[in-house]
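Letter by letter, the chains look like this.
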Amino acid sequence: MISEVYLDNAKRLLPFAEKYNIKLALHNHKQFAEEGFDVDAIFALSPLVMLNFDVGNYYGSTGKHPNDILKKYHDRIYSIHMKDMTSPTTTPPNTNQVWGQGETPLIDVLT
């Protein structure tokens, strides 16, 4: 199952994941840049709660290197969504780009 990575979504969907013993892969958009967002609290709900990590959305909203999240939560990342975006300080900010024309450090992520 895939949904947005919010605590309420995880709590709502987790009973189904537990019933059928399947992973709940939550997808990020701008959540990591939102004040008060706590992915650790979401992961604490169950080992079935995983992350469908979108490196473009993470970089585009935070300006931080996605490898930091990949290293820290490598055991909770179920899949990686690759895309190229502009940074939050570029004009226009946080915008999808053709691969190789954005600023997401895709080569670093792939290596």
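Residues numbered from 1 in each chain as written. Predicted model: local features only at pLDDT ≥ 70, side-chain atom pairs only at ≥ 80, totals over all residues. Heavy atoms only, no water.

(A) The arrangement of the pairing of strand S3 (residues 49-54) in detail. Among the 6 residues in S3, 6 count as buried, and that is most of the element. Side chains of S3 alternate between two faces, with Val-49, Leu-51 and Phe-53 and Met-50, Asn-52 and Asp-54 buried alike. Summarising the sheet, strand S2 (residues 24-27) and S3 pair through 4 bridges and their orientation is parallel. Paired with Ala-25 across the two strands is Met-50, which belongs to S3. Pairing analysis gives 4 bridges linking S3 to strand S4 (residues 77-81), with the strands arranged parallel. Pairing of Asp-54 across the sheet is with His-81, part of S4. (Buried < 20%, exposed > 50% of the residue type's maximum accessible area, 1.4 Å probe, protein only. Helix = DSSP H or I, 4+ residues; strand = E, 2+ residues; numbered from the N terminus. Pairing = 2+ DSSP bridges.)

(B) Fine view of the side chain of Asp-54. Within the secondary structure, Asp-54 sits in strand S3. Filtering out sequence-adjacent residues up to four positions away, Asp-54 remains in contact with His-27, Asn-28, His-81 and Lys-83. (Contact = heavy atoms within 4.5 Å.)

(C) Representation of helix H1 (residues 7-20) within the structure. Between its first and last C-alpha, H1 extends 20 Å over 14 residues, near the 20 Å set by a 1.5 Å rise per residue. If you check which residues of H1 are buried, you get Asn-9, Ala-10, Leu-13, Leu-14 and Ala-17. Following H1 by one or two positions, Asn-21 has its phi on the positive side, about 50°. (Expected span 1.5 Å × (residues − 1).)

So, to be careful, I would describe these as geometric facts and stop short of saying anything about function.
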